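Topology and contacts: notes
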Amino acid sequence: MTNVVDFISDFREAAPYIQYLRGKTLVVGVADSLLSGETLRTLATDLNLIAGLGVRLVVVHGSRTQINALDTVAGRSPEYYNGRRITDDDTLIHAKQACGMIRSDIEAALLTGIAHTPFRSRPLSIAGGNFVSARPLGVIDGIDMCHTGIVRKVDTEGIRSRLNDGALVLISPIGHSLSGKTFNLSMGDIAEAAAIALQAEKLVYLIEEEGIIDAQGEVWSNLSAQEARTLLDNQTVSPEQRRLLQSAVNAVENGIKRTQILSGRKNGSLIAELFTRHGVGTSIALDAFMHIREAQIGDIPEITNLIRPLEEQGVLLRRSREYLENHIGEFSVLEHDNQIYGCVALKTFPDSDAGELACLVVLPEARDSGYGERLLEHLIHQARKRHILRLFALSTHTGEWFIERGFQTASSEELPAGRLSEYLESKRRSKVFVYHIKPE
Ligand code: 1C4
């Protein structure tokens with residue numbers, strides 16, 4: 001029974017995302033290390049599923065590990081400068097061989113992946129071709145990068161026409177110049193260029209790690225382009241992650257709403273990213289200055305201005321200045337240009353797996369732009385980190401908003417004991433909603 005209830009709630013949560021993404025173009029860059037064995041098979045099944053739901057897919061694969069393996073067999077050591085491979089004549093041959101082998105493996109996996117999806121009576125078509133033209137990277141700091149190239153142009157018309165035919169477009173990190181020379185390209189550069197040229201809905205990088213990792217080893221969940229630039233300046237991320245982060249920043253500064261960097265090793269992470277509100281990995285958006293941070297005592301006057309009118313209307317509970325001072329650690333605020341545009345609080349209860357989403361507000365002039373949803377995502381992320389499994393929300397006016405976002409109606413009896421007595425005392429008779437959080 002619980003499984004059915006879970007399924008219904010998950011299905012309701014996924015439905016708006018499925019509808020939204022239908023017909024949208026998604027560019028997915030896949031790190032080379034994920035392109036074998038069970039990981040490739042699972043990924044191929046998920047790509048089939050996503051394509052079956054009507055998402056237009058452009059997949060760009062990496063080839064670094066495979067080129068290195070061929071180099072090693074030939075008794076050569078890979079040479080890099082600034083994180084880019086120096087592609088001499090022999091390495092170019094290995095790059096071409098590696099791309100051929102990887103394409104074949106991906107195509108085979110996509111063909112078998114179809115078996116697990118109910119959508120198609122015939123296999124998903126996979127389109128390849130000379131979609132990317134290239135030019136040499138050249139000589140950098142006196143180092144000749146030889147056949148290492150950069151993207152010159154993406155053939156958007158060619159790609160769109162294959163997508164219109166219902167195909168998945170698979171691009172290898174190899175490109176040719178107009179004079180017929182071949183260049184070894186990077187997966188990140190191509191995915192970025194393709195996403196920008198196609199003005200894709202989203203650019204996704206699937207990598208080994210869970211996302212962009214901070215100096216403490218934690219994954220950044222959200223970064224504005226500005227914050228990502230600061231990270232890049234501070235050199236706190238590894239060289240490989242730097243290149244993807246830079247690419248993510250370039251993409252969002254050139255019209256892509258969001259770039260997501262997440263683990264492709266974790267089963268189903270791409271599905272979770274696209275069709276649920278669980279923040280998976282690191283999300284980079286231009287939305288530069290609107291960010292969510294922990295509240296501080298100095299924010300109390302602005303929080304008060306934000307919540308007072310709603311307290312007077314009976315939408316929110318009354319919270320005194322003293323209350324805010326004592327509980328400021330529970331609050332997060334949505335900030336833009338040093339002004340607070342919204343807030344939310346996470347209440348926890350001793351010896352309970354329950355938490356409460358409280359005091360959720362977005363400034364009236366900033367509503368209907370998805371900020372309420374971002375505060376909710378942030379709070380779920382916080383709650384998951386604290387091992388909360390049931391997240392309650394009590395509301396007199398906003399029940400539908402929560403139901404549309406995966407909450408279910410609940411009885412007041414389900415509230416933790418301390419909260420239930422407050423509830424009964426207040427006589428507000430607020431409706432009770434609960435969101436079941438799946439542990440990581
Ligand atoms: N019902 C259904 N849909 C609603 C809605 C509502 N009341 N208000 C907005 N929407 C829809 C919009 O029409 C829009 O739909 P669309 O155009 O996308 O189809 C969509 O939601 C907008 O979503 P969004 O992600 O852009 O959200 P924002 O507009 O940024 O923010 C808020 C949504 C609800 C936060 C915002 O409208 C707001 O600040 N409203 C006033 C405050 C409010 O109602 N907050 C919810 C409180 S429930 C209390 C407490 O004090 O702790 C009371 C506790 C008790 O015991 O009673 C809470 C949790 O704070 N509890």
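What counts, and where the lines are drawn
- Residues numbered from 1 in each chain as written.
- Predicted model: local features only at pLDDT ≥ 70, side-chain atom pairs only at ≥ 80, totals over all residues.
- Heavy atoms only, no water.
- 1 Å grid on protein atoms, 1.4 Å probe; cavity = no way out; pocket = protein on both sides within 12 Å on 5 of 7 lines; lining within 4 Å.
- Points joined across faces, edges and corners; volume = space filled by probe spheres on them.
- Helix = DSSP H or I, 4+ residues; strand = E, 2+ residues; numbered from the N terminus.
- Pairing = 2+ DSSP bridges.
- Axes fitted to C-alpha atoms, helices over the stretch in contact; angles between N-to-C directions.
- Buried < 20%, exposed > 50% of the residue type's maximum accessible area, 1.4 Å probe, protein only.
- Contact = heavy atoms within 4.5 Å.
- Salt bridge = Lys/Arg side-chain N within 4 Å of Asp/Glu carboxyl O.
- Nonpolar A, V, L, I, M, F, W, Y, C, P; charged D, E, K, R; others polar.
- Domains from an automatic or database assignment.
- Buried area = accessible area lost by both parts, 1.4 Å probe.
- Polar contact = N/O pair within 3.5 Å; in protein donor to acceptor, adjacent residues only side chain to side chain.

What to know about the layout of surface pockets
- In this model, the second largest pocket occupies a volume close to 800 Å³.
- Forming the walls of the second largest pocket are 35 residues, and the residues nearest its centre are Arg64, Gly83, Ser186, Glu240 and Arg243.
- Sorting the residues of the lining of the second largest pocket by element identifies α3 (64–73), β4 (84–85), α6 (187–198) and α8 (239–253) as the ones contributing at least two each.
- Considering every element that reaches the lining of the second largest pocket, the biggest residue donor is α8, with nine residues.

Some details on the sheet that holds strand β20 (residues 354–362)
- What the seven strands build is an open sheet, ordered β17-β18-β19-β20-β21-β23-β22; its pairing is mixed. On the outer flanks of this sheet lie β17 (291–294) and β22 (408–410), each paired with one strand and no other. Going across the sheet, the axis of each strand differs from the next one's by a mean of 30 degrees, ignoring polarity.
- Where β22 meets strand β23 (residues 431–436), three bridges bridge the pair, whose relative direction is antiparallel. Across the sheet, the residue bridging to Ala410 is Val432, located in β23.

Some thoughts on the side chain of His378
- With respect to the helices, strands and loops of the structure, His378 is situated in helix α12 (residues 371–385).
- The class of His378 is buried, set by a relative accessible area of 16%.
- If we ignore the near neighbours within four places in the chain, the residues touching His378 are Ile292 and Ser332.

With respect to the pattern of salt bridges
- By the definition in use, this model includes 25 salt bridges.
- One salt bridge connects Arg76 with Asp71, and the closest N-O pair in it is separated by 3.9 Å.
- What makes Arg76 partly exposed here is its relative accessible area of 24%.
- Given the relative accessible area of 1%, Asp71 is considered buried.
- Across the salt bridge formed by Glu404 and Arg405, the nearest N and O atoms sit 3.8 Å from each other.
- Residue class for Arg405 comes out buried when judged on its relative accessible area of 16%.

Let's talk about empty space enclosed by the protein
- Scanning all chains against the criterion turns up three cavities of 30 Å³ or more.
- As a volume, the largest cavity reaches approximately 60 Å³.
- Taken together, Val30, Leu35, Leu40, Leu43, Ala44, Leu47, Val59, His61, Ile106, Ala109 and Leu110 form the lining of the largest cavity.
- At four residues, helix α2 (residues 37–52) tops the list of elements feeding residues into the lining of the largest cavity.
- In this structure, the second largest cavity spans a volume of roughly 40 Å³.
- As for the second largest cavity, its lining consists of Asn222, Ile292, Arg374, Glu377 and His378.
- In terms of residue count, the dominant contributor to the lining of the second largest cavity is α12 (three residues).
- Residue composition of the lining of the second largest cavity, by class: one nonpolar, two polar and two charged.

Some points on the sheet that holds strand β1 (residues 25–30)
- With mixed pairing, eight strands are arranged side by side in an open sheet as β5-β10-β2-β1-β13-β15-β16-β14. At either end of the open sheet lies a strand with only one pairing partner, and these are β5 (126–127) and β14 (222–224).
- In terms of strand pairing, β1 meets strand β2 (residues 56–61) through six bridges, oriented parallel. Directly across from Val30, in β2, lies its bridge partner His61.
- Running at roughly 155 degrees to β2, α2 makes contact with β1, β2, β10 (168–171) and β13 (202–207) of the sheet.

Brief notes about the domain arrangement of the chain
- Domain boundaries assigned for the chain yield domain 1 (2–288) and domain 2 (291–436).
- For domain 1 and domain 2, the distance between their C-alpha centroids amounts to 37 Å.
- Each partner contributes to the interface: domain 1 provides eleven residues, whereas domain 2 provides 15 residues.
- At the boundary of domain 1 with domain 2, total buried surface from both sides reaches about 1,200 Å², with 36% on carbon and sulfur atoms.
- The tally of links between domain 1 and domain 2 comes to zero salt bridges.
- Where domain 1 touches domain 2, the interface holds one residue pair in polar contact (both at pLDDT 80 or more).
- Of all the elements, helix α1 (residues 2–21) adds the most residues to the side of domain 1 that touches domain 2, at four residues.
- Looking at the side of domain 1 that touches domain 2, its residues break down into two nonpolar, three polar and six charged.

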